Amino acid sequence: MPISIKRILCPTDFSDNAARALEYACELTEKLHAELHILHVVHDFATEWPMYGEATVFPAYLEHIEKNAEELEIAAFNMLGELLSHEWTKAHNVTYAVQHGKEFLEIVRFAQELPADLIVLGTHGRGAIAHALLGSVAEKVVRKSPCPVLTVKPDGHEFELP
């Protein structure tokens, strides 16, 4: 039975790695006549601060973070519109979205709700100790995704046998 890919999700953090993944997503969108959904997740810093009972450590600072998150969401939505040329988006079915929260959770949640048939995700291609201990966003998305995930590494990060 052939696989039907009608909805492609391409999360972006506006990095070079995400731009390379977007190139792949655009090529697949054209070849498969699919919808392309581009998602940016504004990281939720407020949930990472320690809580003590009813009060948080720095309530004024958390309020500042929450206000800035709203401004970041607006700025991110505007930046999404600049990722692809106007002509390309007119010729294809492209949707932009901005979510607020933990990156991998929001990517997986968005993919489930869409429902996405494929996620095209850029990855840095490195294995730093923090990523080895805590897991990278790409690794978590691959493990939890409701659909196949194509990870795109940057040039120069090819695997070599020892």
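All chains use their own residue numbering, which begins from 1 and follows the written sequence. Where local features are concerned, this predicted model is filtered to residues with pLDDT of at least 70; where side-chain atom pairs are given and counted, the filter is 80 or more; whole-chain, interface and lining totals use all residues. Note that the side-chain values use all heavy atoms of the structure and ignore hydrogens as well as water.

1. What to know about the environment of Ile-74
Secondary structure is summarised from DSSP: a helix means a run of H or I of at least four residues, a strand means a run of E of at least two, and numbering begins at the N terminus for each. Turning to its location among the elements, Ile-74 is positioned in helix H2 (residues 59-80). Residue Ile-74 is classed as exposed on the basis of its relative accessible area, which comes to 56%. Separated by 24 residues in sequence, Ile-74 and Val-98 have C-alpha atoms that sit 8.4 Å apart. Under the scheme applied here, a residue whose accessible area is under 20% of the maximum for its type counts as buried, over 50% as exposed, and between as partly exposed, the area being computed with a 1.4 Å probe on protein chains only.

2. Considering the confidence of the model for the protein
Confidence of the predictor at the level of single residues is captured by pLDDT, which takes values from 0 to 100. Predicted confidence across the protein gives a mean pLDDT of 81, with 75% of residues reaching 70 or more. For the protein, strand S3 (residues 51-52) is the element with the lowest average pLDDT, namely 48, and strand S1 (residues 7-11) is the one with the highest, namely 96. Low pLDDT (under 50) marks residues 51-55, which in the prediction has 2 contacts with non-local residues, meaning those over four places away or in another chain. The contact criterion used throughout is that any non-hydrogen atoms of two residues lie within 4.5 Å.

3. Some words on the nonpolar core
The biggest cluster of nonpolar side chains holds 21 residues, and the ones touching the most others in it are Ile-8, Leu-22, Leu-36, Ile-38, Leu-84 and Val-120. Taken together, the elements giving at least two residues each to this core come down to S1, helix H1 (16-32), strand S2 (35-43), H2, strand S5 (94-101) and strand S6 (118-122). Among the elements that line this core, the one with the most residues is H1, at 4 residues. In this structure Val-120 touches Ile-8, Leu-9, Cys-10, Pro-11, Ala-21, Tyr-24, Ala-25, Leu-28, Leu-150 and Val-152, once residues within four positions along its chain are discounted. Nonpolar cores are built from buried Ala, Val, Leu, Ile, Met, Phe, Trp, Tyr and Cys residues. Side-chain atoms within 4.5 Å join them into one set. By size, the runner-up hydrophobic cluster in this structure holds 14 residues, among which are Val-41, Ile-107, Ala-111 and Val-141.

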